[in-house]
Amino acid sequence: MAKRSKAYEAAAQKINEDALYSPAEAVALAKETNPSKSDATVEVAMRLSVDPRKADQMVRGTVILPHGTGKTARVVVFTQGDNIAKAEEAGADYVGGDELIAKVADGWTDFDAAVASPDMMGKVGRLGKVLGPRNLMPNPKTGTVTPDVAKAVNELKGGKITFRVDKHSNLHFIVGKSSFDAKALTENYAAALEEVLRLKPSASKGRYINRVTVATTFGPGIPVDPNVTKVIAD
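Residues numbered from 1 in each chain as written. Predicted model: local features only at pLDDT ≥ 70, side-chain atom pairs only at ≥ 80, totals over all residues. Heavy atoms only, no water.

(A) Examining the layout of surface pockets more closely. Estimates place the volume of the largest pocket at around 850 Å³. In this structure, the largest pocket is lined by 38 residues; those nearest its centre are D112, N135, I161, T162 and H172. Among the elements of the structure, β1 (41–48), β2 (60–64), β5 (113–116), β6 (160–164), β7 (170–177) and β8 (209–216) are those that each provide at least two residues to the lining of the largest pocket. Among the elements that take part in the lining of the largest pocket, β6 stands out by supplying 5 residues, more than any other. Class assignment for the residues of the lining of the largest pocket results in 16 nonpolar, 15 polar and 7 charged. In this structure, the second largest pocket occupies an estimated 150 Å³ of space. (1 Å grid on protein atoms, 1.4 Å probe; cavity = no way out; pocket = protein on both sides within 12 Å on 5 of 7 lines; lining within 4 Å. Points joined across faces, edges and corners; volume = space filled by probe spheres on them. Helix = DSSP H or I, 4+ residues; strand = E, 2+ residues; numbered from the N terminus. Nonpolar A, V, L, I, M, F, W, Y, C, P; charged D, E, K, R; others polar.)

(B) Representation of the sheet that holds β5 within the structure. A sheet is described by the order of its strands in space; here 3 strands give the open sequence β4-β3-β5, paired in parallel fashion. Only two strands of the sheet have a single neighbouring strand rather than two, namely β4 (94–96) and β5. If you compare each strand with its neighbour and ignore which way they point, the axes differ by 15° on average. Bridge analysis of strand β3 (residues 75–78) against β4 gives 3 bridges, and the strand direction is parallel. Along β4, the bridge assignment pairs V76 with Y94. Along the sheet, helix α7 (residues 149–157) contacts β3 and β5; its crossing angle with β3, the most-contacted strand, is approximately 165°. (Pairing = 2+ DSSP bridges. Axes fitted to C-alpha atoms, helices over the stretch in contact; angles between N-to-C directions. Contact = heavy atoms within 4.5 Å.)

(C) Spatial organisation of the pairing of β7. Here β7 lies mainly inside the structure; 6 of its 8 residues are buried. Inspection of the sheet shows β1 paired to β7 by 7 bridges, in the antiparallel sense. Directly across from V44, in β7, lies its bridge partner F173. (Buried < 20%, exposed > 50% of the residue type's maximum accessible area, 1.4 Å probe, protein only.)

(D) Spotlight on unusual backbone geometry. You will see that N135, though not glycine, has its phi angle at about 55°, which is positive. Within the secondary structure, N135 is located in the loop between α6 (128–131) and α7. Even without glycine at this site, S169 takes up a positive phi of about 70°. Tracing the backbone shows S169 in the loop between β6 and β7. The class for S169 is buried, based on a relative accessible area of 10%.

Below is the structure:
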């Protein structure tokens, strides 16, 4: 195990590991216990009672955070024809067809999100081995395979996040930066939580969310009460 810094240890002492904090308390404590001098990302991890090996229990979705993510996503768009100009006008960082697909196929993934027009998916589908493990593969369910590429780019640039349960039934997403005020972070958390709850598979019985932790990128985890489904920002 890597040796933890004194700043981390000091931050960890402020957290009662036996307590379950409300979301508002947790994000406020995450800000306070950020051991980094940088503007760290505030992250949420959830453990769900689902079996992602079964198609009817896969939890995957998107949500536009009301206060954004604190960073401008680098967006690549696989498209052609008139959509190239539309994607560029919307602010896409990289736009193209065959040449861009070839570049990604060679291992280039210097971007945060990918969008594709439907007419390109026959070719983009070949990038599954590169984009899939990084959760970057365009998908109609997340609105990233669409004829309206400009709208998709605007949403991603405006704070849209995607999430997908992993093979261990864990779900990860960000809710902003440590420089955000606690109310903004809590409202972002509430928006994401609402969507996660909406996506609960009918095959998931009993308690759906087993465990929730909030932390900054290099900070200690703060346990959140998983029974809180109505979040009060104040």
